[in-house]
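Chain residues, written in single-letter form:
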Amino acid sequence: MNAINAITRTAEALRASLAGDVFMQGDPGYDEARRAWNLATDQRPAVVVFAQSAADVSQAVRFARSQGMRIAPQGTGHGSEPLEPLEGAMLLKTSRMRRVEIDAATRKARAEAGAVWQDVTVPAGGHGLATLAGTSPNVGVTGYTLGGGLGWLARRYGLAANSLTAAEIVTPDGGLVRTDAGHEPDLFWAVRGGGGSVGVVTALEMVLYPVRELYAGALFFPIQRAAQVLHTWREWTGAVPDEITSLGRILRLPPLPGIPERLRGRAFALVEAVYIGDVLSGAELIRPLRELGPDIDTFAMIPAPALQQVNMDPEEPVPNQGDGEFLADAPAAAIDALVALTGPDADTSLASVELRHLGGALARTARGGGAQPKIDAKYVMFAGGFTPTPELGDAVREHSRALKDALARWHAGYDYYNFEETAAEAHVVLPPASYRRLQEIKAAYDPDQTIISAHPVWSARSHRRW
Ligand SMILES: Cc1cc2nc3c(=O)[nH]c(=O)nc-3n(C[C@H](O)[C@H](O)[C@H](O)COP(=O)(O)OP(=O)(O)OC[C@H]3O[C@@H](n4cnc5c(N)ncnc54)[C@H](O)[C@@H]3O)c2cc1C
């Protein structure tokens, strides 16, 4: 009885100090509160806090520290799969902090930590400006950007992380700091590609780019033509300008009612591309791919916010699992290996397997960049599948592992932070020099490992607790 009274008093004290909401284990609403966008994740923290403001985040962090609790910041839960178990921890949700300000004159946006990409792309697009968002409209700005952020404009403008101009962070002692190149530069460096291990981000400020419209779309071919399509695409990527970012993909769509009829239940090989330029030069650039004679051709001039429809990412929460890796190169033999394991004759649980073309600005060191200053890899692979049952989860993991093994000869040495959906430590997803610097920063700001992040950083002085 005493223990229950103590927990109730603890919850009341926390509730009283916040504008947001608190759900303890056993409270009505706890199960809904702990749910991540990725429904495969079964996270069971001791307490879920929905912060309403940076002041709430600060209060929650101070409270957790006073109770000896660790803290897992989360916006949407798109990236929930790599997290360590949250037993005994506070899940600190920022999803109610979605205010966005666009300054068209200075071409900057400030987004609160819970904003999702369409919260920024749509108002920015109204001013003829584009963000460095990824392929999905409702992935969180913060988790995506902290892990690098590889979007449709990446070959022209680089990773989203390197276009940040400031980050507002509640540090593990509960203090709120505004970091930029001149203030707390170590913290600012760490969040630009090194993940969220050094504090709880409450807002990000970023550069916007003068791109109103683009030539973009997808060419769909029957999956039986996967080898021909992917080989042609790979050769084509050898000579395209930085204004084109593209991917080659094998896609098996489930027979679900939400999917357009012409695509539902079918399997394709496809090429998706985005060109920063006009329709005439865009059409000329993609001509070698179009000459293959696709079944469906969706290329058109589209406004920048519509870019996030090109890849047809699921928008509603789904159970899913994925894995990826950087490839130093993808010669013809790598395409053959990928098609053998995932093409028309493969027995696979992978719904989508894609190779994204890197290079361009991504290959050049970003001036004043962060923990991922450039990418020494020509392609990145991502493979994923839907996992409504544990058996399907195992099958997707097994098939993506087999694909990674088959491509191991071309592995670039580390994986892409945002595409690694298994519980890998940060040294697996960062360049070695960046990981060492991040360890020092973690030791200085969070020596007790209070912050739980997608890919943990263990400083030389800390002890692993899991
Ligand atoms: C459908 C889909 C499409 C995707 N497309 C792309 C893409 O095109 N390019 C790309 O690069 N990635 C892409 N990703 C990967 C995506 O960027 C990562 O899953 C990312 O972690 C999602 O961020 P989030 O904030 O939505 O997720 P969350 O699960 O909320 O956060 C992920 C992690 O980010 C950190 N974090 C989040 N908020 C904070 C905070 N306020 N303070 C400190 N740390 C924080 C935490 O470590 C957290 O565990 C995609 C993922 C999905 C599911």
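The coordinates are above.
Residues numbered from 1 in each chain as written. Predicted model: local features only at pLDDT ≥ 70, side-chain atom pairs only at ≥ 80, totals over all residues. Heavy atoms only, no water.

## As for the sheet that holds strand E2 (residues 47–50)
Strands belonging to one sheet form pairs held by backbone hydrogen bonds; the direction of such a pair is parallel or antiparallel. Judged by pairing direction, the sheet is mixed, and its 4 strands sit side by side in the order E1-E2-E4-E3 without closing on themselves. At either margin of the open sheet sits one strand with a lone partner, and together these are strand E1 (21–24) and strand E3 (71–74). Going from strand to strand, the sheet's axes swing by 20° on average, the running direction of each strand aside. Helix H3 (residues 54–66) rests against E2, E3 and strand E4 (90–93) of the sheet, and its axis sits at about 175° to E4. (Pairing = 2+ DSSP bridges. Helix = DSSP H or I, 4+ residues; strand = E, 2+ residues; numbered from the N terminus. Axes fitted to C-alpha atoms, helices over the stretch in contact; angles between N-to-C directions. Contact = heavy atoms within 4.5 Å.)

## Some words on the packing of aromatic side chains
One pass over the full model with this rule turns up 10 aromatic pairs. Here the aromatic rings of tyrosine 157 and tyrosine 209 are separated by 4.0 Å at their centres, their planes lie at 25°, and the arrangement is stacked. Of this pair, tyrosine 157 sits in helix H6 (residues 154–157) while tyrosine 209 sits in the loop between strand E9 (200–207) and strand E10 (213–222); the two residues are 52 residues apart in sequence, bridging distant segments of the chain. Members of the aromatic cluster, connected to one another through ring pairs, are Phe326, Phe382, Tyr414, Tyr416 and Phe419. Over the aromatic face of phenylalanine 188 sits the side chain of arginine 192, whose NZ or CZ is 3.9 Å from the ring centroid. (Phe/Tyr/Trp six-rings, centres within 6.5 Å; stacked < 30°, edge-to-face > 60°. Lys NZ or Arg CZ within 6 Å of the ring centre and 35° of its normal.)

## What to know about the site of the ligand
By nearness alone, 34 residues border the ligand, and Gly75, Thr76, Gly140, Leu150 and Tyr416 come closest of all. Glycine 140 has a polar backbone atom sitting 2.7 Å from an oxygen atom of the ligand. Valine 201 is positioned such that a nitrogen or oxygen atom in its backbone is 2.9 Å from a nitrogen atom of the ligand. For the ligand, whose free accessible area comes to 960 Å², the fraction covered by protein is 94%. Where the shell around the ligand is concerned, the elements lending two or more residues are E3, helix H5 (141–146) and E9. Taken together, the residues of the shell around the ligand sort by class into 13 nonpolar, 19 polar and 2 charged. (Near = heavy atom within 4 Å. Polar contact = N/O pair within 3.5 Å; in protein donor to acceptor, adjacent residues only side chain to side chain. Areas by Shrake-Rupley, 256 points an atom, 1.4 Å probe, with all protein chains shown as cover. Nonpolar A, V, L, I, M, F, W, Y, C, P; charged D, E, K, R; others polar.)

## Things to note about the pairing of strand E6 (residues 108–112)
On a regular strand, each side chain points to the face opposite its neighbour's, so the side chains alternate between the two faces of the sheet. One ladder, built from 4 bridges, connects strand E5 (residues 100–103) with E6; its direction is antiparallel. Note on E6: the bridge partner recorded for isoleucine 102 is alanine 109. Counting the residues that bridge the hairpin from E5 to E6 gives 4 residues, and of these arginine 107 lies at a positive phi of roughly 55°. Here 5 bridges tie E6 to E9, and the two strands are oriented antiparallel to one another. Across the sheet, alanine 111 pairs through a bridge with leucine 204, a residue of E9.

## Considering the environment of threonine 342
Checked against the element boundaries, threonine 342 lands in helix H10 (residues 332–342). Excluding its chain neighbours within four sequence positions, the residues that come into contact with threonine 342 are Ile223, Ile250, Arg252, Thr348, Leu350, Val353 and Leu403. At 2.7 Å, the side chain of threonine 342 forms a polar contact with the backbone oxygen of leucine 338.

## Focus: the side chain of threonine 450
Tracing the chain through its elements places threonine 450 in the segment after helix H12 (432–445). Beyond its immediate chain neighbours, meaning those up to four positions away, threonine 450 contacts Arg65, Met69, Arg70, Ile71 and Pro172.

## Let's talk about the sheet that holds strand E7 (residues 164–170)
Strand order across the open sheet formed by 5 strands is E5-E6-E9-E7-E8, with antiparallel pairing between neighbours. Both edges of this open sheet fall to E5 and strand E8 (176–179), since each of them pairs with a single strand only. Between one strand axis and the next, the sheet turns through 10° on average, direction left out of account. Along the sheet, helix H4 (residues 117–126) contacts E5, E6 and E9; its crossing angle with E5, the most-contacted strand, is approximately 30°.

## Some remarks on the packing of H10 against helix H11 (residues 390–406)
The geometry of a pair of packed helices is captured by two quantities: the angle between their axes and the separation between those axes. It is at 9 Å that the axes of H10 and H11 come closest, and there the two elements cross at 160°. Of the possible angle classes, the one that applies to H10 and H11 is roughly antiparallel. Seen from above, H10 lies across H11 with right-handed handedness. Across the interface between the two elements, Ala337, Leu338, Leu341 and Thr342 of H10 pack against Ala402, Leu403 and Ala406 of H11. Looking at the contact of H10 with H11 residue by residue, the class counts come to 6 nonpolar, 1 polar and no charged. (Parallel < 35°, antiparallel > 145°, perpendicular 65-115°, else oblique. Left-handed = near helix turned anticlockwise from the far one by under 90°.)

## Observations regarding the packing of helix H8 (residues 226–237) against H10
Taken N-terminus to C-terminus, the directions of H8 and H10 make an angle of 150°; their axes are 10 Å apart at the nearest point. Classified by the angle their axes make, H8 and H10 are roughly antiparallel. In the packing of H8 onto H10, the handedness of the crossing is right-handed. Contacts from Ala226, Ala227, Leu230, His231 and Arg234 in H8 reach Ala332, Ile335, Asp336, Leu338 and Val339 in H10. Taken together, the residues of the contact of H8 with H10 break down into 7 nonpolar, 1 polar and 2 charged.

## Description of the pattern of salt bridges
Inspection of the entire model under this criterion finds 33 salt bridges. Between aspartate 27 and arginine 15 there is a salt bridge whose closest N-O contact spans 2.8 Å. Of the two residues, aspartate 27 sits in the loop between E1 and helix H2 (30–34) while arginine 15 sits in helix H1 (residues 2–17), which places them 12 residues apart along the sequence. When salt bridges with common partners are traced through the structure, they connect Glu101, Arg110, Glu168, Arg178 and Glu205 into a single cluster. (Salt bridge = Lys/Arg side-chain N within 4 Å of Asp/Glu carboxyl O.)

## Regarding the nonpolar core
Within the largest apolar cluster, 51 residues are counted, with the highest numbers of intra-cluster contacts made by Leu153, Leu204, Met206, Leu214 and Leu307. Among the elements of the structure, E6, H4, H5, E7, helix H7 (185–191), E9, E10 and H12 are those that each provide at least two residues to this core. Tallying contributions element by element places H7 first for this core, with 5 residues. When residues no more than four places from it in sequence are discounted, the contact partners of leucine 214 are Leu153, Val274, Tyr275, Ile276, Gly277, Ala300, Met301, Ile302, Ala304 and Leu307. In terms of nonpolar packing, the next biggest core, distinct from the first, is built from 37 residues, Ala226, Leu230, Leu289 and Ala337 among them. (Core = buried A, V, L, I, M, F, W, Y, C linked by side-chain atoms within 4.5 Å. Buried < 20%, exposed > 50% of the residue type's maximum accessible area, 1.4 Å probe, protein only.)

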